[in-house]
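These are the residues of each chain, in order.
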Protein chains: 2
Amino acid sequence: MTSLSIAEAAEQTGLTAHTLRYYERDGLLLHSVERASSGHRRYTDDDLRWIQMVTRLRSTGMPIRDVRRYAALVREGDGNEAERLELLLAHREVVERQLAEVTSHLRAIDYKIALYEGKLAPTE
Amino acid sequence: MTSLSIAEAAEQTGLTAHTLRYYERDGLLLHSVERASSGHRRYTDDDLRWIQMVTRLRSTGMPIRDVRRYAALVREGDGNEAERLELLLAHREVVERQLAEVTSHLRAIDYKIALYEGKLAPTE
DNA sequence: GCTTGACTTGGAGTGCGCTCCAAGTCGGAG
DNA sequence: CTCCGACTTGGAGCGCACTCCAAGTCAAGC
């Protein structure tokens, strides 16, 4: 089991050290990250795996507040899987609606782009 | 040519009256909206069409600042189509990268969802 | 033993995109 | 003439998600 400094964890996860501390403070992680005798954080593989899940939720647009709720459910342990599932399904719906909206707006923008390209090609 | 009050324009565009004023102040519109003798804004069809384009750019994630740049180019009139095209193409790239990222993260979340569903179905 | 560099903390600051407030104006209904 | 409701303005405030700062600690190298 490797154990990484905050800088290494930042590199691995694509987050900044600032953000890693912020997530921990804000209750997005399952528990406080272990410390070396120096007091420096040491990230385990499990930590990184969870942070990856957090990153997935965040970069699909889930608000910090909801990630915290999800983390709290997982922290509680077995017995609330239905609730976790509900939360994920609700999020999934939001994301899909959003994807559809962005896609349709992008098509309209593509149409505009085609106009400009058509306008550019013939005229000198 | 119809001409709408700010409340009606808000309803039509899905924005709030606050946001419509804010966009105008911030230079996202092509020109100041016309006024009735009372001083109240009157939105024309052209205004609404442009606001729709702004909405498309915004809801695909283009920052206000870039929408303002695009509006400035259009305001300038003929001659900078290449620049407008460049801006739209750059935006398009960003959006597509983002769509791809969100989609792939969503797949990972779907996998998690499947786990929970599988866990729920068999056990009682 | 001193310096260096990577870390620690609480708390303040930032950027974005609205969102709202207070005070005022206007046109029309009663 | 008075009231109402829809609007006007400049400017303040807000929520979100970081992002940074100052001051301090620690381990290792010279």
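Structural data are supplied above this passage.
Owing to the predicted nature of the structure, the values given are computational and were not obtained by experimental measurement. (Residues numbered from 1 in each chain as written. Chains lettered and ligands numbered in written order. Predicted model: local features only at pLDDT ≥ 70, side-chain atom pairs only at ≥ 80, totals over all residues. Heavy atoms only, no water.)

A.B. asks: How should I be thinking about the pairing of strand E3 (residues 41–44) of chain A in this particular structure?
C.D. replies: Walk down a regular strand and you will see the side chains alternate between the two sheet faces. Residue and element names in this part refer to chain A. Here strand E1 (residues 3–4) runs beside E3; their pairing, made up of two bridges, is antiparallel. Within the sheet, the bridge partner assigned to Ser3 lies in E3 and is Thr44. Note that strand E2 (residues 34–35) and E3 share two bridges and pair antiparallel. When the bridges of E3 are listed, Arg35 appears paired with Arg41. Hairpin connection between E2 and E3: a loop of five residues separates the two successive antiparallel strands, and Gly39 in this loop has a positive phi of roughly 95°. (Pairing = 2+ DSSP bridges. Helix = DSSP H or I, 4+ residues; strand = E, 2+ residues; numbered from the N terminus.)

A.B. asks: I would appreciate a short explanation of the interface of chain B and chain A in the present structure.
C.D. replies: Interfaces are often sized by the amount of accessible area the parts lose when they come together. Counting residues at the interface gives 32 residues for chain B and 32 residues for chain A. Taking both sides of the interface into account, the surface hidden between chain B and chain A amounts to around 3,000 Å²; carbon and sulfur atoms contribute 78%. Run the count over chain B and chain A and you get two salt bridges. Between Asp110 of chain B and Arg92 of chain A there is a salt bridge whose closest N-O contact spans 3.1 Å. Mapped by element, the contributors of at least two residues to the side of chain B that touches chain A are helix H3 (45–59), helix H4 (64–76) and helix H5 (81–120) of chain B. (Contact = heavy atoms within 4.5 Å. Buried area = accessible area lost by both parts, 1.4 Å probe. Salt bridge = Lys/Arg side-chain N within 4 Å of Asp/Glu carboxyl O.)

A.B. asks: Is there a simple way to think about the sheet that holds E2 of chain A in this case?
C.D. replies: Two pairing modes exist for strands in a sheet, parallel and antiparallel, and in both the strands are linked by backbone hydrogen bonds. One open sheet accounts for three strands, arranged E1-E3-E2 (chain A); its pairing is antiparallel. Strands at the two margins of the open sheet, each flanked by one partner only, are E1 and E2 of chain A.

A.B. asks: Looking at this model, I keep getting lost on the protein's contact with DNA strand C. Mind explaining?
C.D. replies: In the neighbourhood of DNA strand C, 20 residues make up the surrounding shell, with Ser5, Arg35 and Arg41 of chain A together with Arg58 and Arg65 of chain B lying closest. Tyr23 of chain B has a polar side-chain atom sitting 3.0 Å from a phosphate oxygen of DNA strand C. Sorting the residues of the surface near DNA strand C by element identifies helix H1 (6–13) and helix H2 (17–25) of chain A together with helix H2 (17–25) and H4 of chain B as the ones contributing at least two each. Ranked by residues supplied to the surface near DNA strand C, first place goes to H2 of chain B with five residues. Residue classes in the surface near DNA strand C are distributed as six nonpolar, seven polar and seven charged. (Near = heavy atom within 4 Å. Polar contact = N/O pair within 3.5 Å; in protein donor to acceptor, adjacent residues only side chain to side chain. Nonpolar A, V, L, I, M, F, W, Y, C, P; charged D, E, K, R; others polar.)

A.B. asks: Which parts of the structure should I look at to understand H1 of chain A?
C.D. replies: Helical geometry: 3.6 residues make up each α-helical turn, so side chains three or four residues apart lie on a common side. All names here are of chain A. Restricting attention to buried positions, one finds in H1 the residues Ile6, Ala9, Ala10 and Thr13. The buried residues of H1 occupy an angular sector of 105° when projected down its axis, which confines them to one face. Facing away from the buried surface of H1 by more than 90 degrees, the exposed residues are Ala7, Glu11 and Gln12. For H1, the secondary structure elements touched by its buried residues are E1, H2, E3 and helix H3 (45–59). Count one or two residues on from H1 and you reach Gly14, which has phi positive near 85°. (Buried < 20%, exposed > 50% of the residue type's maximum accessible area, 1.4 Å probe, protein only. Arc of directions from axis to C-beta.)

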